[in-house]
Amino acid sequence: MVAHRSLTQIFAAPLVIAIVSTVGLISALVGDGWWDAVSWVALGLPVLLYLLFIWRRRPN
Amino acid sequence: MTATTKSLRRWGAVHKWTSLICTLFMLLLCITGLPLIFHDEIDDLLHSQVKPAEAAAGTPPANLDHLLANALARAPGKVPHFLIWDRDEPGAMWVSVGPTIDADPTNNLLIRMDTHTGAYLDSPDVTGRFTYIMLKLHTDMFAGLPGKLFLGLMGILFCVAIISGIVVYAPSMRKLRFGAYRAQRTRVVRWLDVHNLAGILLVAWTLVVGFTGVINTWADLVLKMWQFGQLAEMTAQYKDRQVSSKLTSLNGAVEVARHAVPGMTPSFVAFPGTLFSSKSHYAVFLHGDTPLTSRLLKPALIDAETGDLTDSRDMPWYVSTLYVSQPLHFGDYGGMPLKIVWALLDILTIFILATGVYLWMRRRKAGVSVERAIASAASIDNPALTS
């Protein structure tokens, strides 16, 4: 539990992730090679974070 | 009750109802969409097809008139609608034929031809395939245009549910760190955390895939708009002509189009009288060669009697929007790794939908309620929200 969080605190991380995802969605459209790799990493990030948060505090 | 609490309740109601109405259909779309991400791989695995002859690099393609004649010899009594270059397999081309020129092209027979020899390869009946059934369920639930537009409406509700979900995420997270997962708590709390976490992580992707899906349901209408707009304009002086009985060389028409639009590659040819052309023209559609421009088509209209170029223009913005929205929906523009990421994101979306339904069912039971689960983590009067 933490103290009351402000809207900025609540939405800071989601906003960054949304921006990174958008970059990922666009980059593979722009070019091939490295551009594709950027999109794999950027769009893979939400999946990775999900697994990380769930596994870190998995019930025994 | 403060104005903020009232407004939050309203957003909560919007989230609940838009989600409830679309969830069942979204589940159908997510589940059928999953194999569709890999439709090429699945088709390769389940269905064998005749391989085109090995052609050394630089082998010139067969004369298209010869290729077309060979294809039509396999389909007596049928007329050609489209000639299509296979995007993924340069050694093969498709000739799409129907019983008459104005027959519904969705029921057409597809004949696969060798690009270099012009010989017949095969004409697989795709309508019994697993991927075809998934595709039909995914695009119109076998209900034609009404089914398509209905699913588009569900997609709009899905987008509204996502946006309202962002709003109701705030009160839920007032006392929780980002990514909180209360593993020791009851299932309703854990699944609320999964719903919130996956929901907020996937916001950009679900919104983009959801909305581009909606745009795709309007494809038929966009095509009609183009036909009555730009295409009619380009072919205005031909408007009273009937479908030409004797057509000029297809191969010649494609050559004229190549010269008229340098730097672009033919994607498909629509024969005179089809949806994509006038009654008097071959419409040769060409594409660029970057991932983005390869999605944007430019038609060159060739007079089917004289073989001369009539006009060539860039497609209007509404058609370009449709073409750019397709890869963003399909996830097929960044190789196999992107497809896998797409599939994982799709599975997480199924989690969001399933936990959402569960939370709604629990909400109606007395005792452990979602409101309580939220209330235990947040207080109603948050200065950050009221200020």
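To be clear, the structure that these remarks concern was listed above.
Residues numbered from 1 in each chain as written. Chains lettered and ligands numbered in written order. Predicted model: local features only at pLDDT ≥ 70, side-chain atom pairs only at ≥ 80, totals over all residues. Heavy atoms only, no water.

**Student:** I'd love a proper account of the overall build of chain B, names of residues and values included.
**Tutor:** Within chain B, the regular secondary structure consists of 13 helices and eight strands. Taking the principal axes of its C-alpha atoms as reference, chain B extends roughly 75 × 45 × 35 Å. Taken across its 387 residues, chain B has 49% of its residues classed as buried. The contacts in chain B between residues at least 6 apart in sequence include a share of 63% that link residues at least 24 apart. Accessible surface, chain B: about 18,400 Å² in total, of which carbon and sulfur atoms supply 63%. In chain B, the 34 positive side-chain charges and the 30 negative ones have mean positions that sit 18 Å from each other. (Helix = DSSP H or I, 4+ residues; strand = E, 2+ residues; numbered from the N terminus. Buried < 20%, exposed > 50% of the residue type's maximum accessible area, 1.4 Å probe, protein only. Contact = heavy atoms within 4.5 Å. Areas by Shrake-Rupley, 256 points an atom, 1.4 Å probe, with all protein chains shown as cover. Lys, Arg positive; Asp, Glu negative; His and termini not counted. Charge placed at Lys NZ, Arg CZ, Asp CG, Glu CD.)

**Student:** Could you give me a rundown of the packing of aromatic side chains, with the residues and numbers involved?
**Tutor:** Residue and element names in this part refer to chain B. For the structure shown, the criterion picks out 15 aromatic pairs over all chains. Seen from the ring of Y120, R74 lies directly overhead, with NZ or CZ sitting 3.9 Å from the centre. Above the plane of the ring of W191 lies R187, whose end atom (NZ or CZ) is 5.4 Å from the centre. (Phe/Tyr/Trp six-rings, centres within 6.5 Å; stacked < 30°, edge-to-face > 60°. Lys NZ or Arg CZ within 6 Å of the ring centre and 35° of its normal.)

**Student:** Requested: an account of the environment of T23 of chain B, with residues and values cited.
**Tutor:** Structurally, the position occupied by T23 of chain B is in helix α1 (residues 3-37). Counting along the chain gives 333 residues from T23 of chain B to G356 of chain B, while the straight-line C-alpha distance between them is 8.7 Å.

**Student:** Which residues make up the sheet that holds strand β8 (residues 309-312) of chain B, and what values go with them?
**Tutor:** Residues and elements named next belong to chain B. The eight strands are arranged β4-β3-β2-β1-β5-β6-β7-β8 in an open sheet whose pairing can be described as antiparallel. Of all strands in the sheet, those bounded by a partner on one side alone are β4 (120-122) and β8. Shown here is a sheet whose adjacent strand axes are inclined to one another by a mean of 30°, direction ignored. Docked against the sheet, helix α9 (residues 250-260) engages β1 (79-85), β5 (265-270), β6 (281-287), β7 (297-303) and β8, running at close to 45° with respect to β6. (Pairing = 2+ DSSP bridges. Axes fitted to C-alpha atoms, helices over the stretch in contact; angles between N-to-C directions.)

**Student:** Describe the pattern of salt bridges, listing the residues and the values that go with them.
**Tutor:** Residue and element names in this part refer to chain B. The final tally for this structure, using the stated rule, is 12 salt bridges over all chains. With a shortest N-O distance of 2.9 Å, D193 and R182 are connected by a salt bridge. Here the residue D193 occupies a position in helix α6 (residues 187-201), and R182 occupies one in the loop between α5 (144-172) and α6, the gap between them amounting to 11 residues. By relative accessible area, which is 12% here, R182 ends up buried. With its nearest N and O atoms 3.0 Å apart, the salt bridge here joins R313 to D311. Here R313 falls in the partly exposed class, since its relative accessible area comes to 30%. Among the ionic contacts, a cluster of salt bridges with common partners joins E89, R112 and D122. (Salt bridge = Lys/Arg side-chain N within 4 Å of Asp/Glu carboxyl O.)

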